[in-house]
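Spelled out from the first residue to the last, the chains are:
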Amino acid sequence: PRGLCRTLASAVGTMRKLFKIGPEESGTGGAILFSWQPEGNFLATAGANGVVSIWDRHGEKIQGGEIECTSRQLGGGPILAVEWDCMGETVAVLQEANGDIMLWDIKDRQTIRLETNLQNPSFLKWSKVGPELAVGTAKGNLLIYNKDNRKKIPVMGKHPKKITCGVWSMSNTLAMGSEDKCLTISDSEGETSQQRDMKHPPKGMCFAAQQLDGNNDEGLETHLSINMGYSLLLYELKDPDNPLELAFQAKYGQIVEHLWFDEGYIMLGFDNGYLVVISTKMQEIGEELYSARFHQSSLYDVAFSPVMKLAACAGDTGVKLVDCNNGFENLKPDGIDLSGEGGQTTKVGWSPDGQILTVGTTTGHIHAFLARMRIVHGHSGAQVAYLSSLREVSVVDVRQMDMVNRQLLKIPVTIEPQFIALGAMHCAVGINNRVYYHRCLPKDTTLVDEQEYVGRVEKVCINERYAAVLAQGTVILHEIEAGHNGSRQRRTFPDTADGDTGRATCVAVTPTLMVYGTDQGAVEFFLLDSKEWAMLSGATLRHSTPIKALYPNPSGTRVVIVDSSNNAYLGNPVTAEMTPFPQFPTQSVKHVMWDINDSNVVMVWDSRDIHTYVYAPTTRWGPMVSKLGPVEISAGGEISMRPESTPLPANHWPIVATSGVITCQDSSGNLQNMDAPTYGSADQRSNKQHLQFTQKLALLQLKEAWNAALVLDGRAYWLALSNKAMEVMDINMAIRVYRELGDAGMVMGLERIMHYEDKNLLAGHIALLYDDYNKAQELFLASTRPVTALEMRRDLLHWDQALKLAHTLAPQQVPDISVQFARQMEFKGEYESALEKFESALNTLTNEEEAAGAGM
């Protein structure tokens, strides 16, 4: 589509300086080079002093991380290339006028010299998928080195002149260009499969996978693009005999760098400061989708992060950033100001995870900016812990986020966490199978425990005292800090000694309970009490499908259960009821939140939309979960609600909800508060009171709905409120509303039943008020006073049904009911049937008298 890019002014504002490497490490003058390890854990840098250094992602030089090349005093030239192999194990260094390639191994942190026996190497490139290293020379010779078996394959005369550029494909073929205006494509052993002449010497090339009408789902490379200075040559790999040359306006100058992004788009940087975006799709090929001058006179480099979809270009006016997500109309690039550092920015690059933007300058400085934080967080009530820097966790009360003087607790950690858990007094951070437990107090962030678990940790949950860790199908429950006697309570689940089977699949904790689910469909509850540390076997919930995730409310009395089929239920461990969620998201659910203050509101996030549900523990029909959406109220007070979801802004991960305010962490690592979707009639949103009434009605906040109805004072609103009060069996509210409506009959009827405590008995009487006799009978029979069903049928003169009920509920009433039934039949003229009922009543009485006489 058009409009593919927009500037990232907001992200630039939040981009933080992570570290800076000075010229004392790389020297001043000349080109600065750097290369990120494929995993993104290490950075290799090189400068004018001929020394290559290896740094971790926090800007600290690792021990043994220095590669000494031939000094200039001994004839060594500048460093031409620094590259990691595809496995991230070996750094290769190409130096001008040095026929040896320096190879540094990350495992033993030693440097070896690869003797190529070649003069004036000019090109170096590791394979993207294999152990092969290609080295080209100024005379056109080629060497393929396999680092696994240390085999060298020299290919003399590959090109007549200097090899200037090249690239490996994902199928392990090597494309190279040279000053002789020639392109060669070779296999991994240097055998030439194609050779083609070009108009101009190539300066750079890329293999790329283009999405062709949705038929390239495997991401197979389809094109080879070649930078020829003032034009770009596109080779379609399936049709190499018909290349397409794309020329550009002369004012742009020469192409410095080009790269592919998204599905068939190419971004090009030109040396006169222009940035251009084109499409390779057939209907748009050759058409400039966007062009603008980003730098006044010179552009030196362009880099793109597929993870962030963020481009950076370096030039004489610094670094410009462009977000390639949503469109490029009215593009006004913002940038990073390095004017105080001196020199010009000549190189930019992204760490593979898109978190770190790296910038090199002519003064020998390398700057690293934290462009994107890993979205990692945990919460306990309204307290949220989140990764605020690579090795720093911040804890904040979300209820104070909008306050100027809000309290923010910062916890320095020794690792870059993959997960965070927060409890009332501790914060846990971890990576792989290790978890570190810190105190989380205003003046105490001490590391109090460090645990190594068997297997990779999948989830950690903590409360004030205990930690529950899920790893390899087992939940390990233990105290975080040792007691006065130095010992700690510890137990694993499922416990085979107790006959438990299956594997644990999920875990959660509350202040008093630990809850876990299994692949056998069981949800188990364990009491976390110092005096009674035991399984609550009577609270187990059974399900027919493996449990995928659990989200208990703060007290643990209700739990949202998501199974492996992506269906959800609200479980009640007291009654063992499993209430299904209607219209649950079809795609995988990422997070479920119980609103901290509105205890019956549940919000579900499916990585794109927020779905809001309200749980009614008591209704005329039993426990119910309803999905919320716009509410309509008819003139007769009938309530209709159209369930719908609301999109969450991109790159926002919801953490916790408080009174309808959702706290999210964005891609820059910051917390953002946003209001949950409102639910009201679309054509009535201008009426604030109407909207408030419909919202409160949908959320079952009937007292607030009453206050709004007093202001609105319309019969439709009172009727709607009365219907909702009767639905949730709020008899006191219903009486108040019917008094307001002037319905004395309903008021009297409700006052007669308001003292009933049995929910089924109360619901039966409400159904009776609504003339739903069959439902009323069903509820009465399920109550503690089932004879009420018989009384109802007698009062309604439903003698046939009353007679059936009397046989089981009150046999002594059978004769009287039979007589009444017979009289009704006699009145209708059904004399034979009436006679049978009279005789039945007489026989029943006779049998009872005989039985009484025999007893005497």
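The written sequence of each chain sets the order in which its residues are numbered from 1. Local features in this predicted model are restricted to residues whose pLDDT is 70 or higher, and side-chain atom pairs enter the listing and the counts only when it is 80 or higher, whereas totals over whole chains, interfaces and linings include all residues. Hydrogens and water molecules were not included; the side-chain quantities draw on all heavy atoms of the structure.

Please give an account of the nonpolar core that cites residues and values.
In this structure, F693, L721, Y738 and L750 are the most contacted members of the largest nonpolar core, which totals 32 residues. In this description a helix means any DSSP run of H or I spanning at least four residues, a strand means any run of E spanning at least two, and both kinds are numbered starting from the N terminus. When contributions to this core are tallied by element, the ones reaching two or more residues are α3 (688-698), α4 (702-712), α5 (715-727), α6 (731-741), α7 (744-753) and α8 (759-769). Residue contacts are defined here by distance: any two heavy atoms, one from each residue, within 4.5 Å place the two residues in contact. Each residue touching L750, except ones within four places of it in the same chain, is listed here: M726, I731, A734, I735, Y738 and L769. Residue types Ala, Val, Leu, Ile, Met, Phe, Trp, Tyr and Cys, when buried and joined through side-chain atoms within 4.5 Å, form a set referred to as a nonpolar core. Each residue is assigned to one of three classes by its accessible area relative to the maximum for its type, calculated with a 1.4 Å probe on protein chains only: buried under 20%, partly exposed between the two thresholds, exposed over 50%. The next biggest cluster of nonpolar side chains, apart from the first, holds 28 residues, and it includes I356, A368, V376 and I420.

Explain the sheet that holds strand β34 (residues 377-380) to me, using residue names and the numbers behind them.
Within the open sheet, the 4 strands sit side by side as β34-β35-β36-β37. Their pairing is antiparallel. The open sheet has two free edges, formed respectively by β34 and β37 (408-412), since each of these has just one partner strand. Taken pair by pair, the neighbouring strands of this sheet meet at an average axis angle of 25 degrees, ignoring direction. DSSP bridges decide pairing: two strands pair if at least two such bridges lie between them. Angular values range over 0 to 180 degrees, each being the angle between N-to-C directions of two axes fitted as lines to C-alpha atoms, with helices fitted over their stretch in contact.

Give me the lowdown on the sheet that holds strand β13 (residues 142-146), citing residues and values where you can.
Spatial ordering of the open sheet is given by β11-β12-β13-β14, a layout of 4 strands whose pairing is antiparallel. In the strand order of this sheet, the two ends are held by β11 (121-126) and β14 (151-155), each with one partner. Neighbour to neighbour, the strand axes of the sheet diverge by 15 degrees on average, direction disregarded. Summarising the sheet, strand β12 (residues 132-137) and β13 pair through 5 bridges and their orientation is antiparallel. Its bridge partner being in β13, A134 is matched across the sheet by I144.

Could you give me a rundown of the packing of α4 against α6, with the residues and numbers involved?
Orientation of α4 relative to α6, taken along the N-to-C sense of each, is 15 degrees, at an axis distance of 11 Å. Between α4 and α6, the angle is such that the two are roughly parallel. For α4 against α6, the interelement crossing comes out left-handed. Where α4 approaches α6, its residues L702, K703 and W706 are matched on the opposing element by M733, R736, V737 and E740. Of the residues contributing to the contact of α4 with α6, the split by class is 4 nonpolar, no polar and 3 charged. Note on angle classes: values under 35 degrees are labelled roughly parallel, values over 145 roughly antiparallel, values of 65 to 115 roughly perpendicular, and the remainder oblique. For a crossing to be left-handed, the near helix must be turned anticlockwise from the far one by less than a right angle; the clockwise case is right-handed. Polar here means any residue other than Ala, Val, Leu, Ile, Met, Phe, Trp, Tyr, Cys and Pro, which are nonpolar, and Asp, Glu, Lys and Arg, which are charged; Gly is therefore polar.

Which residues make up the side chain of R620, and what values do they have?
Tracing the sequence through the fold places R620 in the loop between β57 (609-616) and β58 (624-627). Just so you know, the count uses Lys and Arg for positive and Asp and Glu for negative, and it drops His and the chain ends. By salt bridge we mean one thing: a side-chain nitrogen of Lys or Arg within 4 Å of a carboxyl oxygen of Asp or Glu. We note that R620 is buried and unpaired, the nearest opposite charge coming from D772 at a distance of 4.8 Å. R620 has contacts with M726, E727, M729, A763, I766, A767, Y770, K775 and L779, leaving out every residue within four places of it along the chain.

I'd like a rundown of the environment of S389, residues and numbers included.
Along the polypeptide, S389 turns up in strand β35 (residues 383-389). In this structure the C-alpha to C-alpha distance between S389 and S668, which are 279 residues apart in sequence, comes to 9.8 Å. With near-sequence residues (within four places) excluded, S389 lies in contact with L370 and M373.

How would you explain the environment of A705 if you had to name every residue and give the values?
Along the chain, A705 turns up in helix α4. With a relative accessible area of 0%, A705 lands in the buried category.

Please provide a residue-by-residue account of the pattern of salt bridges, values included.
All told, the structure shown has 29 salt bridges when counted by the stated rule. In this structure, the salt-bridge partner of R399 is D397, at a minimum N-O distance of 2.9 Å. On the basis of relative accessibility, which here comes to 9%, the residue D397 falls in the buried class. E452 is the partner of R434 in a salt bridge, and the nearest nitrogen-oxygen pair spans 2.5 Å. Note that R434 is positioned in strand β40 (residues 434-439) and E452 in strand β41 (residues 447-452), a separation of 18 residues in sequence. For E452, a relative accessible area of 52% corresponds to the exposed category. Through salt bridges with shared partners, one network takes in D85, E89, K107 and K147.

Quick one: what's the story with the confidence of the model for the protein, residue by residue and with numbers?
Looking at the protein, the pLDDT average stands at 88 and 92% of residues meet or exceed 70. pLDDT expresses how confident the predictor is about each individual residue, on a scale running from 0 to 100. Counting interchain partners and residues more than four positions distant, the pLDDT-below-50 stretch residues 1-13 has 45 contacts.

Lay out unusual backbone geometry with the relevant residues and their values.
Note that the residue after F493, namely P494, is joined by a cis bond; omega there is -10 degrees. You can see P494 is positioned in the loop between β45 (490-493) and β46 (504-509). Its identity is not glycine, yet K181 carries a phi of approximately 60 degrees, on the positive side. In this fold, K181 is placed in the loop between β16 (174-178) and β17 (182-186). Positive phi is not limited to glycine here, since D713 has a value of about 45 degrees.

Explain empty space enclosed by the protein to me, using residue names and the numbers behind them.
Think of a 1 Å grid over just the protein atoms. A cavity is a set of points where a 1.4 Å probe fits yet cannot get out, a pocket is an open set with protein on both sides within 12 Å along at least five of seven lines, and lining residues have an atom within 4 Å of a point. Grid points are joined across faces, edges and corners, and a volume is the space filled by probe spheres set on the points. Inspection of the entire model under this criterion finds 1 cavity of 30 Å³ or more. When its volume is computed, the largest cavity comes out at roughly 50 Å³. Forming the boundary of the largest cavity are L183, I185, Q194, R196, L224, Y235, L237 and P240. Every element with two or more residues in the lining of the largest cavity is listed here: β17 and β18 (192-197). The class makeup of the residues in the lining of the largest cavity is 6 nonpolar, 1 polar and 1 charged.

So, the side chain of D397: which residues are in play, and what are the values?
One can find D397 in strand β36 (residues 392-397). Ignoring sequence-local partners within four residues, the contact set of D397 consists of A382 and Q383.

Got a sec to walk through the pairing of β17? Specific residues and values, please.
The buried fraction of β17 amounts to 5 of the 5 residues, a majority that puts the element mostly inside the structure. Every second residue of β17 is oriented toward a common face, with C182, T184 and S186 on one face and L183 and I185 on the other, all of them buried. With 5 bridges connecting them, β16 and β17 associate as antiparallel partners. Paired with A175 across the bridge in β17 is I185. Linking two consecutive strands that pair antiparallel, namely β16 and β17, is a turn of 3 residues; a positive phi of about 60 degrees is found at K181 within it. As judged from the 5 bridges shared by β17 and β18, these two strands associate in the antiparallel manner. Residue C182 lies in a different strand from β18, and its bridge partner there is D197. Counting the residues that bridge the hairpin from β17 to β18 gives 5 residues, and of these G190 lies at a positive phi of roughly 90 degrees.

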